[in-house]
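A structural walkthrough
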Amino acid sequence: MLIVSIAWKNVWRNRKRSLIVIIAVLLGTAAGVFTSGLMVGWVKQRTHSLVYTETGHIKIHHPDFLKNEELNLLVPHVTDLSAFLDQQPAVKASSERLKCMVMAATSRGTTGMTLQGVDPIEEMAVSDLHTHLIPNTGGYLDSKTPGSILISDRTAELLKIKTYVLTEEKRVQLNQNGVPTSVTDKLTDLDNVRYHTEKRYQRILSERLTAEEIRKYGSALTSEAIQYRLRSKIICTLNAMDGNLVSQSFKVGGIYKTTNAVFDLTTAYVLKSDLAQLTGLTINDCHEIGLILNDEEAMKPLQDAIRSHFPTVSVQNWLEISPEAGILSEYMDFFYYILMGFILFALAFGILNTMLMAVLERTKELGMLMAIGMSRKRIFTMIMLESIFLTLTGSIFGMGVGWVIITITGQTGLDFSVIGEGFEAMGWSAVIYPSITPDFFLGVTLLVVLTGLLASIIPARRALALIPVEALKTDN
Amino acid sequence: MNVIVINDLVKIYDSNAMQVTAIDHVNLTIEDGEFTAIVGPSGSGKTTLLNLIGGLDTPNQGQIIVENVDITAMSPKQLIEFRLHNIGFVFQSYNLIPVLTAYENVAFIMELQRAPKPAIERRTKDILNEVGLGDRMNSRPNELSGGQQQRVAVARAMASKPKFIIADEPTANLDSKSTEKLLEMMETLNQREQITFLFSTHDQRVMNKAHRIIVLEDGKIVDDYRK
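All figures in this text were calculated on a predicted structure; none of them were measured in a lab.

Let us now look at the overall build of chain A. Counting secondary structure elements, chain A contains 19 helices and 15 strands. Relative to its length of 476 residues, chain A is extended, with a C-alpha radius of gyration of 32 Å against a globular reference of 23 Å. Each of the three principal axes of chain A carries a C-alpha extent, and together these read 100 × 70 × 30 Å. Taking all 476 residues of chain A together, the buried fraction comes to 41%. Expressed as a percentage of contacts within chain A between residues at least 6 apart in sequence, the contacts between residues at least 24 apart total 81%.

Okay, here's the thing in structure tokens:
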């Protein structure tokens, strides 16, 4: 116990020097913890979005459907399968979907996409897409309103359903939101002029406003000008079950936006009954069953149970559907520790230097300690503890600072919109909410102790190499 | 009873390709409870002899037997343990641990001996009272005068209940008043606790107090007398 007490007191012999090292460790640890928190939040959001918006925990298909999404590749024995799933306590909700590749067209644009025919009640229990609806852009699908289609903001832009238009009313709203009248007054001649692309609208703005005004208010002027032409007609054309080309007009009932640009661009929703009628299938048919489970741990056992009862279906979990997200999620812990390891490894050199100085300055004292009978083991322990204390003190405060930053930014989110397009194109959110688990702090603490230990080896060996009678002759 | 018996001790240093004989065939016996001063000019081998007796250095030849144990045959690890339990050291420049209080400096050696806590507490307080520092137990070395620091060093050397105490020029850095006080204290401890003191010195006042004087010159004992 006395060794512990002496080691702690020794840390504070040269306050200034110790504080410099402690602050360096603090900053390094805080940066490492925060960066890890950012990565955790990022991956967590991606996997959450993947499971709860896009895929569900498990998807069931006809075995050939994923290779070739043809209308006739329906999930076999769907009635029995549904009954089986209803009996499984692990299953929280399921949704039977029809899926069909279509060509969607408006008078101004066309795009190819997958049309998903769903039962709104079932789908809302499996996917949180209804929470991604853009405010004031209609609503979710309603079984009482056939002929309605739910498209994404990005699809709306492609089909020119999303337009940019300023009105007197919108200019007043912009002034209330802090955009000066001197700016909005320059745009009065744009009132009620409709622009079909963001690029064109922004070019017009840049012709009228200074670069500084664009930098300050461009984003507000753009978002306020957005106007969706709800109830616009989209003609969807597809090959029906009988091989004939069929078309149907759907009215835009709502607009959604997720963080996955690819998903948004390729997915639109209609009522299952509408799609069944259009394709020539029945309401009881389905191409895909999406499942949400009560507990992710039950994923593999449930897959095995489904496979054993229905060997003719393909059962995939989200990790198999999106292996890249699965790998990230699975190995992320490893990455955090690698990151922290690198930071601490770099800091270890500073700690090593400080400890070497401390040993050098105490040569005579260490000689005296050996002379009066302090064993080499105890001297090694004392120096090792000094190094650990030095590292641990900085790290504890660093972890505290990192945790505070993560807690604050975890509430507010960090907006990476400037480079967010790139993220969203890969399915990752541009607004990240950092988060961290207590396990991580435990892991970091162990890494810190290990760093302290490693950094103490050379100074401790230097101390142990001292010959008491020689050390006692020195001036230090 | 003989505490220390030295037989034909030789210590040779290699210095710049030259061999310097620091201790030259010394034979010596120190009895229990002696208050002995080793004197001689600089370079006569006083400190070397004390280092050899204290097990801090190893001889080239000869034996040092402490209470029937030949310490020259011990490994470095055994010597550390031996010093901890058998020898007390008082150094010229006090060599206290600066981050510890007077109390902690004295208690430290007993902690190393793994003595029970109540015993450590009792003995530390007793010794510090004995050396007249009962009211400075919580002072750190930098808050004490040179004389007070050396008294803490003596208390530390006493604390482990050693067979003998080696003091290398203990008064060299002290003024005359502090020297007087320290010597009186060491003499009292020697008489009261029957602890053997062996010190090197140039100081005439120390020599006056010593009961036995051993004179070294060029590594040889040239005179050895009791007063």
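The rest of the description comes next.
When its secondary structure is counted, chain B shows 7 helices and 10 strands. Whereas a compact globule of 227 residues would reach a radius of gyration of roughly 17 Å, chain B reaches 17 Å, a difference of no more than 12%. Along the first, second and third principal axes, the C-alpha set of chain B runs to 50 × 40 × 40 Å. The 227 residues of chain B split such that 46% are buried.

With that settled, consider the interface of chain A and chain B. By convention, interface size is frequently given as the accessible area that disappears when the constituent parts associate. Every contact between the two is made by 17 residues of chain A and, on the other side, 17 residues of chain B. Mapped onto the side of chain A that touches chain B, the elements with two or more residues apiece are α1 (2–11), α15 (363–372) and α19 (468–471) of chain A. No other element matches α15 of chain A, which puts 6 residues into the side of chain A that touches chain B. Partitioning the side of chain A that touches chain B into residue classes produces 10 nonpolar, 3 polar and 4 charged.

Turning our eyes to something else, we now look at the packing of helix α8 (residues 198–208) of chain A against helix α9 (residues 211–225) of chain A. Residues and elements named next belong to chain A. Running from N to C, α8 and α9 point in directions that differ by 135 degrees, and their axes come no closer than 11 Å. Comparing their axes, α9 and α8 come out oblique. Relative to α9, the crossing made by α8 is right-handed. Contacts between α8 and α9 involve Glu 198, Tyr 201, Gln 202, Leu 205 and Ser 206 from the first element and Ile 214, Gly 218, Leu 221, Thr 222 and Ala 225 from the second. Residues belonging to the contact of α8 with α9 are distributed by class as follows: 5 nonpolar, 4 polar and 1 charged.

Before going further, it helps to spend a moment on the confidence of the model for chain A. Averaged over every residue, the pLDDT of chain A is 89; residues scoring 70 or more account for 97%. At the level of individual helices and strands, chain A shows its lowest average pLDDT in helix α17 (residues 417–425) of chain A, which scores 63, and its highest in strand β11 (residues 267–271) of chain A, which scores 96.

Attention now moves to the domain arrangement of chain A. Along its sequence, chain A is carved into domain 1 (2–49 + 329–472), domain 2 (63–160 + 230–312) and domain 3 (162–228). The gap between the C-alpha centroids of domain 1 of chain A and domain 2 of chain A is 50 Å.

Below, the discussion takes up the sheet that holds strand β6 (residues 87–90) of chain B. Residue and element names in this part refer to chain B. Spatially, β6-β7-β8-β3-β9-β10 is the arrangement adopted by the 6 strands of the open sheet, whose pairing is mixed. Two strands bound the open sheet, and with one partner strand each, they are β6 and β10 (220–226). Between one strand and the next, the sheet's axes are offset by a mean angle of 15 degrees, whatever the strand orientation. One ladder, built from 6 bridges, connects strand β9 (residues 212–217) with β10; its direction is antiparallel. Each bridged residue has a counterpart across the sheet, and for Ile 214 the counterpart in β10 is Asp 224. Contacts from helix α1 (residues 46–53) reach β3 (35–39), β7 (164–168), β8 (196–201) and β9, with the element oriented near 150 degrees to β8.

Here we come to the environment of Ala 268 of chain A. For Ala 268 of chain A, the location among the structural elements is in strand β11. Here the alpha-carbon distance between Ala 268 of chain A and Ile 149 of chain A, two residues 119 residues apart in the chain, equals 7.0 Å.

Let us look at unusual backbone geometry. For Arg 231 of chain A, which is not glycine, the phi torsion reads 70 degrees and is therefore positive. Look at Arg 231 of chain A and you get exposed, because 11 C-beta atoms sit within 10 Å. We note that Asp 8 of chain B has phi near 50 degrees; this positive angle belongs to a residue other than glycine. Here Asp 8 of chain B lies in strand β1 (residues 2–15). Overall, the presence of 11 C-beta atoms within 10 Å leaves Asp 8 of chain B in the exposed class.

Moving on, we come to the environment of Met 137 of chain B. Residues and elements named next belong to chain B. Structurally, Met 137 is set in the loop between α4 (117–130) and α5 (146–159). Met 137 sits 32 residues away from Asn 105 along the chain, and the two C-alpha atoms are 9.5 Å apart. When neighbours within four sequence positions are excluded, Met 137 is seen to be in contact with Thr 101, Ala 102, Tyr 103 and Leu 128.

With that settled, consider the sheet that holds β1 of chain B. All names here are of chain B. Read across the sheet, 4 strands follow the order β2-β1-β4-β5 without closing on themselves; strand pairing throughout is antiparallel. Edge strands, defined here as strands with exactly one partner in the open sheet, are β2 (18–31) and β5 (69–70). Two strands pair when backbone bridges link them, and β1 and strand β4 (residues 61–66) are joined in this way by 5 bridges, in the antiparallel orientation. By the bridge assignment, Asn 7 is partnered in β4 with Gln 63. Along the sheet, α1 contacts β1, β2 and β4; its crossing angle with β2, the most-contacted strand, is approximately 60 degrees.

Time to look at the nonpolar core. In this structure, Val 106, Ala 155, Ile 166 and Leu 198 of chain B are the most contacted members of the largest nonpolar core, which totals 118 residues. Element by element, the count of residues in this core is highest for helix α2 (residues 15–55) of chain A, at 11 residues. Once residues within four sequence positions are removed from consideration, Ala 155 of chain B is found in contact with Val 106, Ile 127, Leu 128 and Val 131 of chain B. Counting 42 residues, the second largest nonpolar core, distinct from the first, contains Val 75, Val 118, Leu 141 and Tyr 269 of chain A.

What follows concerns the pairing of β8 of chain B. All names here are of chain B. Across the 6 residues of β8, 6 count as buried, placing the element largely inside the fold. Burial along β8 is two-sided: the face carrying Thr 196, Leu 198 and Ser 200 and the face carrying Phe 197, Phe 199 and Thr 201 are both buried. With 5 bridges connecting them, β3 and β8 associate as parallel partners. Following the sheet pairing, Ile 38 is matched in β8 by Ser 200. Each parallel crossover has a hand, and the one from β7 via helix α6 (residues 176–193) to β8 is right-handed.

The rules we used
- Residues numbered from 1 in each chain as written.
- Chains lettered and ligands numbered in written order.
- Predicted model: local features only at pLDDT ≥ 70, side-chain atom pairs only at ≥ 80, totals over all residues.
- Helix = DSSP H or I, 4+ residues; strand = E, 2+ residues; numbered from the N terminus.
- Rg over C-alpha atoms; globule rule 2.2 N^0.38 Å.
- Buried ≥ 20, exposed ≤ 12 C-beta atoms within 10 Å, placed from the backbone.
- Contact = placed C-beta atoms within 7 Å.
- Nonpolar A, V, L, I, M, F, W, Y, C, P; charged D, E, K, R; others polar.
- Axes fitted to C-alpha atoms, helices over the stretch in contact; angles between N-to-C directions.
- Parallel < 35°, antiparallel > 145°, perpendicular 65-115°, else oblique.
- Left-handed = near helix turned anticlockwise from the far one by under 90°.
- pLDDT = per-residue confidence, 0-100.
- Domains from an automatic or database assignment.
- Pairing = 2+ DSSP bridges.
- Core = buried A, V, L, I, M, F, W, Y, C linked by C-beta atoms within 7 Å.
- Right-handed = clockwise from strand over helix to strand, strands pointing away.

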